[in-house]
Amino acid sequence: MKKIAVMGSGPVGEALAGGFLKHGYEVMRGSREPTKLAAWKSKAGDKGLIGTFAEAARFGQTIVLAVKGTAAVAVLDQCGADALAGKTVIDTTNPIAEKPPVKGVLALFTSLEDSLMERLQRHVPAAHFVKAFSCVGNTLMVNPKLPGGPPTMFICGNDAGAKGEVKAILDQFGWDIEDLGGAEAARAIEPLCMLWCIPGFLTNRWMHAYKVLRP
Ligand SMILES: NC(=O)c1ccc[n+]([C@@H]2O[C@H](COP(=O)([O-])OP(=O)(O)OC[C@H]3O[C@@H](n4cnc5c(N)ncnc54)[C@H](OP(=O)(O)O)[C@@H]3O)[C@@H](O)[C@H]2O)c1
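Participant: Mind showing me how you'd approach the site of the ligand here?
Facilitator: Taken together, 26 residues are adjacent to the ligand, and Ser9, Ser31, Arg32, Lys36 and Val67 come closest. Valine 12 is positioned with one of its backbone polar atoms (N or O) 2.8 Å from an oxygen atom of the ligand. At 2.7 Å, a backbone N or O of valine 67 approaches an oxygen atom of the ligand. Look at the ligand: alone it shows 880 Å² of surface, and the protein chains cover 78% of it. In this structure the site holding the ligand corresponds to the largest pocket. The class makeup of the residues in the shell around the ligand is 11 nonpolar, 11 polar and four charged.

Take a look at the structure:
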């Protein structure tokens, strides 16, 4: 079974690390301060490990990037480009700016002609970035149960093999999949977090997900 590194001590790292453990993977969670994950490790059992970002990057055959958007480049540097080369990096990050939302509408630090994932892909060209899990809240990331059936996860990335790997994971995690093509599609996928968050900020509704209806 594959070894997964989950970079991130926040709620997305927690949810996805739990999902991978549930589905039988070995998981190492990475953080600048791994000791903050000690309580998680004590509950996770012998398939749950913790380490620095660099240790987790070396451990993982597949990498999940679940860190603050403004810190994502710095975290890749701490992982080390050599440790990421040739690996699939599941990019959950959103380019949320350090500003309060305006009437529930978040600001991004990218434009519609650029995306965070394209920046990350340019920063570590030898890694295979695939956008996934960015357009839904952490509590719905693993086998979501909603009245309308499986919701749709939008993904994109330049490497077909890496996307195939992520599609297999999304199947296990209970998602319908819409593959939107190359990394440039992250310009459209990342802003979906703005839309997703508005009902939350305005009326405290956080338990929805997108679904594409097809003929
Ligand atoms: N929360 C959600 O439901 C949700 C849903 C979809 C997508 N996302 C996206 O997923 C990503 C993770 O979100 P999150 O809510 O789990 O947590 P978060 O608070 O956005 O990120 C926490 C992680 O970012 C790292 N970090 C923060 N500042 C850093 C810095 N200056 N240098 C290095 N690392 C730094 C932290 O490292 P340490 O462990 O060292 O503290 C921690 O691991 C974000 O990009 C977010 O936009 C979130």
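So that's the structure; there's more coming.
Participant: Help me out: how do you make sense of the nonpolar core in this one?
Facilitator: Across soluble globular proteins, nonpolar side chains have a tendency to be buried as a group. Judged by nonpolar contacts, the single largest core of 62 residues is most densely connected at Met7, Phe20, Leu65 and Phe133. Not counting residues within four places of it along the chain, the set of residues in contact with methionine 7 comprises Gly30, Phe53, Ala56, Ala57, Ile63, Val64, Leu65, Ala66, Val67, Val75 and Cys79.

Participant: Is there a simple way to explain the environment of arginine 32 in this structure?
Facilitator: Its place among the elements puts arginine 32 in the loop between β2 (26-30) and α2 (38-44). Residues arginine 32 and threonine 52 lie 20 residues apart in sequence; the distance between their C-alpha atoms is 5.6 Å. Not counting residues within four places of it along the chain, the set of residues in contact with arginine 32 comprises Phe53 and Gln78.

Participant: Looking at this structure, how should I read the pattern of salt bridges?
Facilitator: Oppositely charged side chains can pair when the atoms bearing their charge come close. Evaluation of the coordinates by the stated rule reveals 12 salt bridges. Residue lysine 2 pairs with glutamate 165 through a salt bridge whose shortest N-O separation is 3.4 Å. Placement of the pair is lysine 2 in the segment before β1 (3-7) and glutamate 165 in helix α7 (residues 160-172), with a sequence separation of 163 residues. A salt bridge links aspartate 114 to arginine 122; the nearest nitrogen and oxygen atoms lie 3.5 Å apart.

Analysis parameters
Each residue is numbered by its place in its chain's sequence as written, counting from 1. Note on the predicted model: pLDDT of at least 70 is required for a residue's local features to be given, and 80 or more for side-chain atom pairs to be given and counted; whole-chain, interface and lining totals, by contrast, use all residues. Excluded from the side-chain calculations are hydrogens and water; all other atoms, namely the structure's heavy atoms, are used. Throughout this document, a residue counts as near a molecule or strand when at least one of its heavy atoms sits within 4 Å of that molecule or strand. Each polar contact in these results corresponds to two N or O atoms within 3.5 Å; when the atoms are within protein, one needs to be able to donate a hydrogen and the other to accept it, and residues that are neighboring in sequence are counted only if both atoms are side-chain atoms. Reported accessibility uses the Shrake-Rupley method at a 1.4 Å probe radius. Residues are deemed covered only where the shown protein chains occlude them. With a 1 Å grid spanning the protein atoms alone, the term cavity applies to any set of points in which a 1.4 Å probe fits but cannot get out, the term pocket to an open set with protein on both sides within 12 Å along at least five of seven lines, and the term lining residue to any residue with an atom within 4 Å of a point. Any molecule with more than half of its atoms within 2 Å of a cavity's or pocket's grid points is regarded as sitting in that cavity or pocket. We call Asp, Glu, Lys and Arg charged. Ala, Val, Leu, Ile, Met, Phe, Trp, Tyr, Cys and Pro are nonpolar, and the rest, Gly among them, are polar. The nonpolar core is taken to be a set of buried Ala, Val, Leu, Ile, Met, Phe, Trp, Tyr and Cys residues, with the residues joined through side-chain atoms within 4.5 Å. The buried label goes to any residue with under 20% of its type's maximum accessible area, the exposed label to any with over 50%, and the partly exposed label to all in between, with areas taken from a 1.4 Å probe on protein chains only. Contacts are residue-level and defined by heavy atoms, with any inter-residue pair within 4.5 Å sufficient. Each helix is a run of H or I in the DSSP string that is no shorter than four residues. Each strand is a run of E no shorter than two, and both are numbered from the N terminus. We define a salt bridge as a contact between a side-chain nitrogen of Lys or Arg and a carboxyl oxygen of Asp or Glu at a distance within 4 Å.

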